[in-house]
Amino acid sequence: MLKFAANLSFLFAEHPFLDRFARAAAAGFRGVEYMFPYAHAKEEIAERLRAHGLEQVLFNLPAGDWEAGERGLGCLPGREAEFRQGVELALEYALTLGCRRLNCLAGLAPAGAVEAADVEAAEVEAELRATFVANLRWAHAKLAPHGIELLAEPINSRVDMPGFWLDRPAKGLEVLAEAGVGRLQYDLYHAQIMEGDLARFLERHLAAIGHLQIADNPGRHEPGSGEIHYPYLFRRLAELGYDGWIGCEYKPAAGTEAGLSWLAAARGI
């Protein structure tokens, strides 16, 4: 049976963050994820998890100044010390919350890098890649002794995060292979926008995927609202023996509870 986790940064957003844990449990979820926990005391979140019998499935490493538009530190030269401090902070939270997966956001390419001349662009790309690989290796060395898996997520650069450096799943696989550590956080919504061919990618690379996330396209709403044939993909994942979590990171079109009708059928696969 497939396991679905409520992403509390997206679902139950009608309620204060700490109240969303109870809402998720009441809706039948047994796992939760979210983007960042750092605005709340880790002990306070842990109490909510215990009270409602929830597993903390995933959250992201600190991503820089999110309010100022930063979207990760992983690939940014000169920010390595801040990246490492973020890994240390995330580890503290993960140990308290019993979380076994942390996602590393690569971040946005420096302004103007894409428009640079060919030679200069290639040099910038090589530097960003080398920085990300080195940071992944450092983070893995810090997290692995505690049984925590490091993930890296490709995010589409066409709609949601223009300029995001790690924007294609194929590129994600290449970089992780070069680093020799970590696995992919494969978000089917982002992947559909950038590459498509979702079923074949899952069939070929399931062993390299440590976590899945879902939303439909266009709109990033619940499964069944757009072009992605989720019933088929869920059946295929079950046939392939996927036993990891599937994070529900979508924007409910008309309230969270009102948009959960897809979930009962998916759980029965």
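Our subject is the structure listed above.
Reference entry: report on the structure contained in this document. Given the structure is predicted, the values throughout are model-derived calculations rather than measurements. (Residues numbered from 1 in each chain as written. Predicted model: local features only at pLDDT ≥ 70, side-chain atom pairs only at ≥ 80, totals over all residues. Heavy atoms only, no water.)

On to the pattern of salt bridges. Under the definition given, this model contains 15 salt bridges. A salt bridge links Arg183 to Glu149; the shortest N-O distance between them is 2.5 Å. Of this pair, Arg183 sits in strand β6 (residues 183–187) while Glu149 is found in strand β5 (residues 149–152), placing the two residues 34 residues apart along the sequence. The exposure class of Glu149 is partly exposed, given its relative accessible area of 23%. The structure contains a network of salt bridges with shared partners spanning Glu70, Arg79 and Glu82. (Salt bridge = Lys/Arg side-chain N within 4 Å of Asp/Glu carboxyl O. Helix = DSSP H or I, 4+ residues; strand = E, 2+ residues; numbered from the N terminus. Buried < 20%, exposed > 50% of the residue type's maximum accessible area, 1.4 Å probe, protein only.)

It is worth spelling out the nonpolar core at this point. In terms of nonpolar packing, the biggest core is built from 85 residues, with Phe4, Phe21, Phe29, Phe132, Tyr186 and Trp262 touching the most fellow members. Sorting elements by how many residues they give to this core places helix α3 (residues 80–97) first, with seven residues. Leave out the neighbours within four places in its chain, and Phe4 touches Phe29, Arg30, Gly31, Ile214, Phe234, Trp245, Ile246, Cys248, Trp262, Leu263, Ala266 and Arg267. If you look at the next biggest cluster of nonpolar residues, it comprises five residues, including Ala5, Val57, Leu58 and Leu151. (Core = buried A, V, L, I, M, F, W, Y, C linked by side-chain atoms within 4.5 Å. Contact = heavy atoms within 4.5 Å.)

This part is about the pairing of strand β4 (residues 101–104). Residues Arg101 and Asn103 line one face of β4 and the alternating positions Leu102 and Cys104 line the opposite face, and both faces are buried. In this sheet, β4 lies alongside strand β3 (residues 55–60) in parallel orientation, the contact comprising two bridges. Within β4, the residue paired with Asn60 across the bridge is Asn103. Taken together, β3, α3 and β4 constitute a β-α-β crossover, and its handedness is right-handed. As paired elements, β4 and β5 share four bridges and run parallel to each other. (Pairing = 2+ DSSP bridges. Right-handed = clockwise from strand over helix to strand, strands pointing away.)

Once that is clear, we can look at helix α5 (residues 169–179). All buried positions along α5 are accounted for by Pro169, Lys171, Gly172, Leu173, Val175, Leu176 and Ala179. Just downstream of α5, Gly180 is the residue with a positive phi angle, here 75°.

Looking at the element boundaries, His15 is found in the loop between β1 (3–7) and α1 (20–26). Among the polar contacts listed, one links the side chain of His15 to the side chain of Arg23, at a separation of 3.5 Å. Residues in contact with His15, not counting those within four places in the same chain, are Arg20 and Arg23. (Polar contact = N/O pair within 3.5 Å; in protein donor to acceptor, adjacent residues only side chain to side chain.)

Attention now moves to the sheet that holds β4. Strand order in the closed barrel made by the eight strands is β1-β2-β3-β4-β5-β6-β7-β8, with parallel pairing throughout. Neighbour to neighbour, the strand axes of the sheet diverge by 30° on average, direction disregarded. Here two bridges tie β5 to β6, and the two strands are oriented parallel to one another. Along β6, the bridge assignment pairs Leu151 with Arg183. Against the sheet, α3 touches β3 and β4, its axis set at about 170° to β3. (Axes fitted to C-alpha atoms, helices over the stretch in contact; angles between N-to-C directions.)

Here we take up helix α8 (residues 230–240). By the burial criterion, the buried members of α8 are Tyr230, Leu233, Phe234 and Leu237. What you see down the axis of α8 is that its buried residues fit within an arc of 100°, all on one side. The secondary structure elements touched by the buried residues of α8 are β1, α6 (188–194), α7 (198–205), β7 (209–214), β8 (245–248) and α9 (261–267). Positioned one or two residues after α8, Gly241 has a phi angle of 80°, which is positive. (Arc of directions from axis to C-beta.)

Here we come to the environment of Ala46. Position of Ala46 among the secondary structure elements: in helix α2 (residues 42–52). Sequence separation between Ala46 and Phe83 is 37 residues, and the spatial gap between their C-alpha atoms is 24 Å.

Quick look at the state of the cysteines now. Enumeration according to the criterion identifies zero disulfides in this entry. There is no disulfide at Cys99, and the cysteine sulfur nearest it, in Cys104, is 14 Å away. Summary of cysteine pairing: Cys104 is not part of a disulfide, and the nearest cysteine sulfur, belonging to Cys75, is at 9.0 Å. (Disulfide = S-S within 2.5 Å.)

Any functional reading would require information that these geometric values do not contain.
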